[in-house]
Amino acid sequence: MQRVISPRAAAAAAQLATGLLAGALFYGFANVNPTFAAVPLDVHLTFRTELMNLNAIVMQALMAASFVTSAALAIGARGRARVCAVGATLLTIATFLVTRFGNVPFNAEIRAWAAGGLVPDYQERLAIWGVFNDIRVATAVGAFALVIAAAGLLRPARAAVPV
């Protein structure tokens, strides 16, 4: 019986997709968020709003690609590699859910603040957004690590036997 999904090809695609997602989220965590704290609030809100506009499609595409490729790896792999790939798939789902139901609702509030509707507890609200962001960074990096582990656990290709 021939496999429909090549585990090696799925592993390569999953490493690329989950690596890009983890890298993008980690860059924001390590560089962009600290920069927000270092600039005046009006600059922070203006930049964050523009960043949200650009990130919306890119991050959704990366999350979808991470899910699809990790799931393909889970289908194509066997044994411990499959377990790692299933874990990575679940973590990509968690990344999406935290983003969708944690960060995105706050993004609408932040847009309103940038337009002049700043609320008194905005710092607390930004801190809560930050907690959700930390969670999704951790889940994305975790998914990437599990995909790397799964790829390392794949059986080496058999050498061709001359006939």
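Another aspect to go through is the packing of helix α1 (residues 7-38) against helix α4 (residues 122-153). The interhelical angle for the contact between α1 and α4, taken along N-to-C directions, is 150°, at an axis separation of 8 Å. On the basis of the axis angle, α1 is roughly antiparallel to α4. Read as a crossing pair, α1 and α4 show a hand that is left-handed. On α4, the residues touching A11, A14, Q15, T18, G19, L21, A22, L25, F26, F29 and N33 of α1 are W129, N133, D134, R136, V137, A140, V141, A143, F144, V147, I148 and A151. Of the residues in the contact of α1 with α4, the class split is 16 nonpolar, five polar and two charged.

A separate point is the nonpolar core. Judged by nonpolar contacts, the single largest core of 15 residues is most densely connected at L73 and A150. Residues within four places of L73 in sequence aside, it is in contact with P7, A10, A11, A14, A85, V147 and A150.

Turning our eyes to something else, we now look at the pattern of salt bridges. Taken as a whole and judged by the stated rule, the model has one salt bridge. Of the charged contacts in the structure, one is a salt bridge between E109 and R125, with a shortest N-O distance of 2.5 Å. Linking E109 in helix α3 (residues 79-114) with R125 in helix α4, this pair joins segments that are 16 residues apart in sequence. When its relative accessible area of 23% is taken as the criterion, R125 is described as partly exposed.

Thresholds, definitions, all that
- Residues numbered from 1 in each chain as written.
- Predicted model: local features only at pLDDT ≥ 70, side-chain atom pairs only at ≥ 80, totals over all residues.
- Heavy atoms only, no water.
- Axes fitted to C-alpha atoms, helices over the stretch in contact; angles between N-to-C directions.
- Helix = DSSP H or I, 4+ residues; strand = E, 2+ residues; numbered from the N terminus.
- Parallel < 35°, antiparallel > 145°, perpendicular 65-115°, else oblique.
- Left-handed = near helix turned anticlockwise from the far one by under 90°.
- Contact = heavy atoms within 4.5 Å.
- Nonpolar A, V, L, I, M, F, W, Y, C, P; charged D, E, K, R; others polar.
- Core = buried A, V, L, I, M, F, W, Y, C linked by side-chain atoms within 4.5 Å.
- Buried < 20%, exposed > 50% of the residue type's maximum accessible area, 1.4 Å probe, protein only.
- Salt bridge = Lys/Arg side-chain N within 4 Å of Asp/Glu carboxyl O.

This is a description of form; function is not addressed.
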